[in-house]
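Coordinate inspection notes
Residue strings, one per chain:
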4 protein chains.
Amino acid sequence: MRSTWGRAIQYSLFGESHGPAIGITIHHLPAGFRPDLDKLKAAMARRKPGTGVYATKRSEKDEFEIVSGFYQEALTGAPLTALFRNEDTRSSDYESLKRFPRPSHADFSANEKYHGFNDPRGSGHFSGRLTAPLVFAGALAAQILESEHGIRILGHVAQVGDIFDAGIDEMASQVTQANQMALAQKEMPFFSDEAIEQAKTMLAKAHEEGDSVGGSIEIGVTGLPVGWGDPVFEGIESLLGQLLFSVPAVKAVEFGAGTAFAGMRGSKSNDPWRMEDDKVVSETNHSGGINGGITNGMPMRLKVTFRPASSIALTQQTVDLREHVNAELSVTGRHDPTIVVRAVPVVEAVTAIGLLEAKANAAELLGQFQKNK
Amino acid sequence: MRSTWGRAIQYSLFGESHGPAIGITIHHLPAGFRPDLDKLKAAMARRKPGTGVYATKRSEKDEFEIVSGFYQEALTGAPLTALFRNEDTRSSDYESLKRFPRPSHADFSANEKYHGFNDPRGSGHFSGRLTAPLVFAGALAAQILESEHGIRILGHVAQVGDIFDAGIDEMASQVTQANQMALAQKEMPFFSDEAIEQAKTMLAKAHEEGDSVGGSIEIGVTGLPVGWGDPVFEGIESLLGQLLFSVPAVKAVEFGAGTAFAGMRGSKSNDPWRMEDDKVVSETNHSGGINGGITNGMPMRLKVTFRPASSIALTQQTVDLREHVNAELSVTGRHDPTIVVRAVPVVEAVTAIGLLEAKANAAELLGQFQKNK
Amino acid sequence: MRSTWGRAIQYSLFGESHGPAIGITIHHLPAGFRPDLDKLKAAMARRKPGTGVYATKRSEKDEFEIVSGFYQEALTGAPLTALFRNEDTRSSDYESLKRFPRPSHADFSANEKYHGFNDPRGSGHFSGRLTAPLVFAGALAAQILESEHGIRILGHVAQVGDIFDAGIDEMASQVTQANQMALAQKEMPFFSDEAIEQAKTMLAKAHEEGDSVGGSIEIGVTGLPVGWGDPVFEGIESLLGQLLFSVPAVKAVEFGAGTAFAGMRGSKSNDPWRMEDDKVVSETNHSGGINGGITNGMPMRLKVTFRPASSIALTQQTVDLREHVNAELSVTGRHDPTIVVRAVPVVEAVTAIGLLEAKANAAELLGQFQKNK
Amino acid sequence: MRSTWGRAIQYSLFGESHGPAIGITIHHLPAGFRPDLDKLKAAMARRKPGTGVYATKRSEKDEFEIVSGFYQEALTGAPLTALFRNEDTRSSDYESLKRFPRPSHADFSANEKYHGFNDPRGSGHFSGRLTAPLVFAGALAAQILESEHGIRILGHVAQVGDIFDAGIDEMASQVTQANQMALAQKEMPFFSDEAIEQAKTMLAKAHEEGDSVGGSIEIGVTGLPVGWGDPVFEGIESLLGQLLFSVPAVKAVEFGAGTAFAGMRGSKSNDPWRMEDDKVVSETNHSGGINGGITNGMPMRLKVTFRPASSIALTQQTVDLREHVNAELSVTGRHDPTIVVRAVPVVEAVTAIGLLEAKANAAELLGQFQKNK
């Protein structure tokens, strides 16, 4: 398994859902940075199951222990490792999944790939629980980006089933500290309180019916400087594309106007440049802040679509891998009717990870022309 | 600039549109493979401007010279380098673009990133011309995939402006050798001849109006074995996501049901398993052949959306980077009204590159349990 | 800090000597392999301080916990993480080293690099303690190599100060299971018992004088197939060169006849080929089993030289980094008079890590011509 | 084959000795740097066969064409590719080497690895000719290092057979511009003119006898700042160790006192710190400027040992790979009696490549705390 990412800054993710622990190691972080651990925990808390219908019943402990790279309240420059112990792991739920794979879940493909040796408990390394260390890493990356550049990243649920939230506009005017705080306090990360109420009703019904619901998350980013990203394979969209598709259940990624570009004319989709206070800005921002893979100084906007959770209580058709016959399956256990509500901090996190990498790459290039001590 | 990709097999892309040459080096290809050069040239020809309204007027020579890694009609195992000489480069068209950046083009962000030292002629390293070596590499990768596994990759234009082609179905039944040959012969790579006629009319009008048009390309892949792809950062969607967003002008990538998942229920979107001739298949294929980032043996389906070409003849608003004032720009030169028609072999190519990497990774893992001579 | 290594199989090392824990994560190990944990612990035990004069006084606990990648006695294919808790850490010994850097130690350069934020306790991430997870990883790699290919790796102390052990001959006839077991039982890993007695006396004297002693370690490897290693930057010598120089205090690395080649003639140093039981072998083996960076099927032989430990009890000249004046330093604390005795399993470990990488690379290439399911 | 190196700056080497061309692509060089091409050609000229007994008879053309990344006399930031056309390739000399492999040459191992598909002409990708693009890349790296930091790299032949040159002292006082110019003018790169005369006589005799001679090259580097290099796998010795062992025929690498450390005491080998003009320096420099893998601001010193060229005219024992019997071989063709004389600029080049990588890594880390526009 390749659970590593990044060249300038490297992330090494490990752990299985019901093994002793999961965690992440981050290499090449800047020595001397003082992370705000309370803020980090607040980001983690948003990923945790809350109250209400959409909550997983597992009481996940997202408490972490930093076992290296942190000394006297600052980063040491050595690899930073955060460890999350697994608890409350009711493994008996999962034993039969090697024999009766869940439709649209990794059960079958993983079983084939690893010749049956993968840990099936709680989906093992494929579990959504692995997003906890991702949020840890991304929240840390976001702190560095914010403290150095004033970069701000805000996500919300754009759609869940047939319920839609108000969108982030082209200039990302919704991306404010006030909104960051407000959304963190809400039952669900929507701008519209009405949408929250509608979503609660709809999700309660889906849950009752033993079903799950898809959705989408939209992210806005402000404060990006011009010139981050490298052409071709390491453009911002490529870096983030790889990371966003790494989040379990993501099946579509769009930047700026996204799929709507297909029906547009260039005269409409092009973003005219203009001078504003001696700074180059664009009048519209269909590009979502990226041209040729490189940031152009305008706000970034992206959207990811999640498939409905594949684990549902309804009886489904599957196969018996031992007897090689068709079979039926009803997944018991603790499942959310939707992923998108909890996934907002995850999508924010991988966005921050990608942008910090772009920053480090740009710094390295720039640094080649600076006296380095 | 980071114009390299891949871990098991490595691609190193180089060149600027109007410099002496462009090309690609591919490392770690299998010694002894005998590429079909005629087939390779046929793939390249599909990327070249054809006849008709949508043709770029530049008579691009896509002739390549293989300068290393090829001996006595077979790959030697040493790095394979293909060189494409640039000719017919009317550089005078582009000199002013450093001063008056085209809206939504890389002109501005590249100029800032490289402090004005980037080669502006024909967009330099950002030029669509760099997709020629990508098609070379991808067509070679596709030959290896086909000869080893019978994997077949077929792309078509799904949408250009308001014209739509018939889609590839979930089982990718359109992905046949007959269709590959048929689409290569057509004026444009649509299944529907009616759509071609409509597109020609629409594109002629857009061209006449000095405008450009967006669109989307759909890819189907058959013959994939179970178990390719690695979890988290190197799942198939992550590998391909990075590559697909590297194609100039791509702004959205979808797998399987893509953005439609947002409004679906799990009971509808899940693909039930069943036994068929003692093989595990799924009854539907909304997943597009990938679960948990790993191939499940079903056909793969993906779609990419292209923004309209940013270079248009219509007068546009821009800035004068020298005088720091607003300005107007009318791009002369040779431009297609749409990118999607020529981009089909490019999207096929990067799909093949990503799948060959997944194959090599799977082989490496498998190989660890095999006597290696 | 970049404490990661490997492309096919990736190692991510973390931890500081006196922080909560150190450890290693290994990515892309083969699912289903059943490691022999007792054998692994035996390898670790050889790195631990033993009895006698050369022992560090710190009672290091090299007990590890495998927190991921291991289930039902087999590797799962997910990242394998081994965690080593730090105990018995007398940090008070080290606080002043940021002010008075030890001569020839990383104290000064690390302090400058990390702007004083590095963890100085026990040398932090630069500590020899970090070789414990390396031995874990290497011992595991060695088990895979042995079980798949019958590859055997044996190291011994070739020299410590003015005491020399009998060398490993060109055909590595000393590399046997019997010798592996015998050396593990001895007080020190020398072939010659006489050398052990001499070394003990010499080391006791050095220790009494508050001094340390350099030395060298020789490694022999048998069972290597032909064709591992890639040309230029990933030849066997390059892969191992990088790894061997990563072991703290290593200042020279030699393969085959090593530095002696400088005074040789080709007619003498060339290893004539001959047929033996229909197998190609070489009559001599000055090459140490590697030609052009690629294994040739003959045994491998290498030697690494360690500088004397830089921490010594004798009073030394240093500087006061706070007052910017010259100063004197007498390092107290627990220090071995020599590193080489404990370092033998470390050098064996990184040799195994490098060879497993070469194996995976070769498998990947080979796998490209095999039906992969 | 893996002929790529580097993470921050990436090198992609390609070509076979008697194919159409060889070359190198360098990714992520700083836009705007203006290389001195005359100086670059002078470095290349030192690698070329000169006059006198030690000259290869092939009139190698080391003329290069820069086909990308260079515009208006400056680097563009896009990948830089230099192309070297192969000429004067008498391929008939080499055809039989697939059947009768040269002792201690890559013929046998490469033939096995590539199943006979490797290009055997002039040793293909294993040829010493591939060091021409390495010298190009390294000479460019050296220019960047010198212009930014005043770093100076000087190499000389320390030993060839039984002839020794005066060594570079611990403070590298020989590393001056004057000496760089002087050595470039000499028939052979020795400090001692007497050694040159002795070497000429000795080499003439060896050549006459159809034999070859080994040797060693010593490098001194001045001007290095404190803090380059990363711990463990990316220490300076590890980076350079990998690169130096990539040079054909290198079998040993030593830093600072090198193998002599084995017999030393710490009290002798440790380099005492002292203040000099408010700067921290060390009184001695056995460490060769590196502690814990990180530069300490003192000059760097390293030595590499080359085996005698394996291609010799004398009749040798080999095997017939077709008939599987023992055979005799007398290599005809054009061969130097020693490699070390021409290899000095190659060793300087890879040293520069490694140091530029360390610089880029340090810049990236440092850049994380600087406003990046």
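Residues numbered from 1 in each chain as written. Chains lettered and ligands numbered in written order. Predicted model: local features only at pLDDT ≥ 70, side-chain atom pairs only at ≥ 80, totals over all residues. Heavy atoms only, no water.

Observations regarding the packing of aromatic side chains
Rules: Two aromatic rings, drawn from Phe, Tyr or Trp (for Trp, its six-membered ring), form a pair once their centres lie within 6.5 Å of each other, and the interplanar angle then sorts them: stacked below 30 degrees, edge-to-face above 60, tilted otherwise. A run of H or I in DSSP becomes a helix once it reaches four residues, and a run of E becomes a strand once it reaches two; helices and strands are each numbered from the N terminus. Residue burial is assigned from relative accessible area. The probe radius is 1.4 Å, only protein chains are included, and a residue is buried under 20% of its type maximum, exposed over 50%, and partly exposed in between.
Tallying each qualifying case throughout the model produces 24 aromatic pairs over all chains. Seen in terms of ring centroids, Phe 245 of chain A and Phe 255 of chain B are 5.1 Å apart; in terms of plane orientation they differ by 85°. Their pairing is edge-to-face. In this pair, Phe 245 of chain A is assigned in the loop between helix H6 (236-244) and strand S11 (250-255) and Phe 255 of chain B in strand S11 (residues 250-255), connecting two distinct chains. Ring centres of Phe 84 of chain B and Phe 136 of chain B lie 6.3 Å apart, and the angle between their planes is 85°; this geometry places the pair in the edge-to-face category. Of this pair, Phe 84 of chain B sits in strand S7 (residues 80-85) while Phe 136 of chain B sits in helix H3 (residues 131-149), and the two are 52 residues apart along the sequence. Judged by its relative accessible area of 1%, Phe 136 of chain B is buried. Here the aromatic cluster, defined as three or more aromatic residues joined through ring pairs, consists of Phe 64, Phe 84 and Phe 136 of chain A.

Concerning the UniProt feature "binding site: FMN" (unreviewed entry) in chain A
Under the convention used in this document: UniProt positions are given in the numbering used here, feature names are shortened, and annotations may be inferred rather than shown by experiment. Residue contacts are defined here by distance: any two heavy atoms, one from each residue, within 4.5 Å place the two residues in contact.
UniProt marks His 125, Phe 126, Ser 127, Gly 292 and Arg 334 of chain A with the feature "binding site: FMN" (unreviewed entry), using the numbering shown here. With a relative accessible area of 15%, Phe 126 of chain A lands in the buried category. By the secondary structure assignment, Gly 292 of chain A is in the loop between strand S14 (290-291) and strand S15 (294-295). Not counting the four nearest positions on each side in its chain, Gly 292 of chain A is found in contact with Pro 231 of chain A together with Ala 106 and Phe 126 of chain B.

Details of the sheet that holds strand S11 (residues 250-255) of chain C
The following threshold applies: Any two strands are treated as partners once DSSP identifies two or more bridges connecting them. Axis definition: a line fitted to C-alpha atoms, over the contacting stretch in the case of helices. Angles run 0 to 180 degrees between N-to-C directions.
Taken together, the 10 strands give an open sheet; going across it, the order is S9(C)-S8(C)-S10(C)-S16(C)-S11(C)-S11(D)-S16(D)-S10(D)-S8(D)-S9(D), and neighbouring strands pair in antiparallel fashion. Of all strands in the sheet, those bounded by a partner on one side alone are strand S9 (163-164) of chain C together with strand S9 (163-164) of chain D. Pairing between strand S10 (residues 215-222) of chain C and strand S16 (residues 300-306) of chain C: seven bridges, direction antiparallel. Considered in S16 of chain C, the bridge of Ile 219 of chain C is made with Leu 302 of chain C. The strands that helix H6 (residues 236-244) of chain C touches are S11 and S16 of chain C together with strand S11 (250-255) of chain D; relative to S11 of chain C, the one it contacts most, it runs at about 160°.

Let's talk about the UniProt feature "binding site: NADP(+)" (unreviewed entry) in chain A
Residue and element names in this part refer to chain A. When the UniProt feature table is mapped to this numbering, "binding site: NADP(+)" (unreviewed entry) covers Arg 47. Here Arg 47 shows up in helix H1 (residues 37-47). Relative accessible area serves as the criterion here: at 3%, Arg 47 is assigned to the buried category.

Quick look at the relation of the copies chain A and chain B
What counts is decided by this rule: In this comparison the copies share one frame, found by least squares on the C-alpha atoms of residues holding pLDDT of at least 70 in both.
Of the transformation placing chain A onto chain B, the axial shift is 0.0 Å and the rotation is 180°, giving an RMSD of 0.0 Å. The superposition of one copy onto the other is thereby described by a two-fold rotation axis. The share of interface residues of chain A whose copies in chain B are also at the interface is 100%, consistent with both copies meeting through the same surface.

Some thoughts on the sheet that holds strand S1 (residues 4-5) of chain B
Residues and elements named next belong to chain B. Here five strands make up an open sheet; going across it, the order is S1-S2-S3-S7-S4 and the pairing antiparallel. With one partner strand each, in any of the chains shown, S1 and strand S4 (64-68) form the two edges of the open sheet. By the bridge criterion, six bridges tie strand S3 (residues 21-27) to S7 in an arrangement that is antiparallel. Its bridge partner being in S7, Gly 23 is matched across the sheet by Leu 83.

What to know about the environment of Lys 39 of chain C
Residue and element names in this part refer to chain C. Here Lys 39 shows up in helix H1 (residues 37-47). A relative accessible area of 42% places Lys 39 in the partly exposed class. Other than its neighbours up to four places away in sequence, Lys 39 contacts Gln 143 and Glu 146.

Here's the deal with the environment of Val 347 of chain B
Residue and element names in this part refer to chain B. Its place among the elements puts Val 347 in helix H8 (residues 340-367). Take Val 347: its relative accessible area is 0%, and that puts it in the buried class. Along the backbone, Val 347 and Ser 246 are 101 residues apart, and their C-alpha atoms lie at a distance of 9.9 Å. If near-sequence neighbours (up to four positions away) are discounted, Val 347 is found in contact with Ile 217, Ile 219, Leu 244, Val 304 and Phe 306.

Thoughts on the interface of chain A and chain B
Our working rule: The term buried area means the drop in 1.4 Å probe accessible area that two parts suffer when joined, counted for both and summed. Each reported salt bridge corresponds to a side-chain nitrogen of Lys or Arg within 4 Å of a carboxyl oxygen of Asp or Glu.
In this assembly, 101 residues from chain A lie in contact with 101 residues from chain B. Between chain A and chain B lies a buried interface of about 8200 Å² when both sides are counted; carbon and sulfur atoms form 58% of it. Three residues stand out in chain A for area buried against chain B, namely Arg 2, Phe 233 and Trp 273 of chain A, and they jointly supply 12% of the buried area on that side. Counting across the chain A and chain B interface gives eight salt bridges.

What about H6 of chain C?
In terms of burial, H6 of chain C is largely enclosed, as nine of its nine residues are buried. When we look at burial in H6 of chain C, the residues that qualify are Ile 236, Glu 237, Ser 238, Leu 239, Leu 240, Gly 241, Gln 242, Leu 243 and Leu 244 of chain C.

Some remarks on the pairing of strand S2 (residues 10-15) of chain A
All names here are of chain A. In terms of burial, S2 is a largely internal element, six of the six residues being buried. Across the two faces of S2 the burial is the same, with Gln 10, Ser 12 and Phe 14 and Tyr 11, Leu 13 and Gly 15 all buried. As paired strands, strand S1 (residues 4-5) and S2 are joined by two bridges and run antiparallel to one another. Bridge pairing links Thr 4 to Ser 12 in S2. A loop of four residues connects S1 with S2, the two strands running antiparallel in sequence, and Gly 6 in this loop sits at a positive phi of about 100°. As judged from the six bridges shared by S2 and strand S3 (residues 21-27), these two strands associate in the antiparallel manner.

A short note on the side chain of Asn 285 of chain D
Residue and element names in this part refer to chain D. Rules: Pairing of N or O atoms within 3.5 Å defines a polar contact, subject to two protein rules: one partner must be a possible hydrogen donor and the other a possible acceptor, and residues neighboring in sequence count only if both atoms are side-chain atoms.
Within the secondary structure, Asn 285 sits in the loop between strand S13 (279-282) and strand S14 (290-291). Looking at Asn 285, the relative accessible area reads 0%, which means it is buried. A polar side-chain atom of Asn 285 sits 3.1 Å from the main-chain amide nitrogen of Gly 288. Here Asn 285 is in contact with Glu 170, Met 171, Asp 271, Met 298, Pro 299 and Arg 301, once residues within four sequence places are set aside.

Overview of the packing of helix H1 (residues 37-47) of chain D against helix H3 (residues 131-149) of chain D
All names here are of chain D. Using the following cut-off: The labels follow the angle: roughly parallel below 35 degrees, roughly antiparallel above 145, roughly perpendicular from 65 to 115, and oblique for the rest. Take the far helix as your reference; a near helix turned counterclockwise from it by less than a right angle gives a left-handed crossing, and one turned clockwise gives a right-handed crossing. For this scheme, ten residues count as nonpolar: Ala, Val, Leu, Ile, Met, Phe, Trp, Tyr, Cys and Pro. Four count as charged, namely Asp, Glu, Lys and Arg, and the remainder, Gly too, count as polar.
One can describe the packing of H1 onto H3 by two numbers: an axis separation of 9 Å at closest approach and a directional angle of 140°. By the angle between their directions, the pair H1 and H3 is classed as oblique. As H1 runs across H3, the sense of the crossing is right-handed. Contacts between H1 and H3 involve Lys 39, Leu 40, Ala 43, Met 44 and Arg 47 on the former and, on the latter, Thr 131, Ala 132, Val 135, Phe 136, Ala 139, Leu 140, Gln 143 and Glu 146. Class assignment for the residues of the contact of H1 with H3 results in eight nonpolar, two polar and three charged.

Comments concerning the environment of Gly 122 of chain C
Residues and elements named next belong to chain C. For Gly 122, the position within the fold is in the loop between helix H2 (107-113) and helix H3 (131-149). By relative accessible area, Gly 122 is classed as buried at 7%. Residues Gly 122 and Ala 74, spaced 48 residues apart in sequence, show a C-alpha to C-alpha distance of 35 Å.

Observations regarding the pattern of salt bridges
Under the definition given, this model contains 80 salt bridges over all chains. The salt bridge partner of Glu 65 of chain A is Arg 85 of chain C, with a shortest N-O separation of 2.8 Å. Here Glu 65 of chain A is found in strand S4 (residues 64-68), whereas its partner Arg 85 of chain C is found in strand S7 (residues 80-85) on a different chain. Judged by its relative accessible area of 30%, Glu 65 of chain A is partly exposed. The partly exposed category is assigned to Arg 85 of chain C, whose relative accessible area is 29%. A salt bridge links Asp 62 of chain B to Arg 47 of chain B; the nearest nitrogen and oxygen atoms lie 3.1 Å apart. In this pair, Asp 62 of chain B sits in the loop between helix H1 (37-47) and S4 while Arg 47 of chain B sits in helix H1, placing the two residues 15 residues apart along the sequence. On the accessibility criterion, Asp 62 of chain B (7% relative accessible area) is buried.

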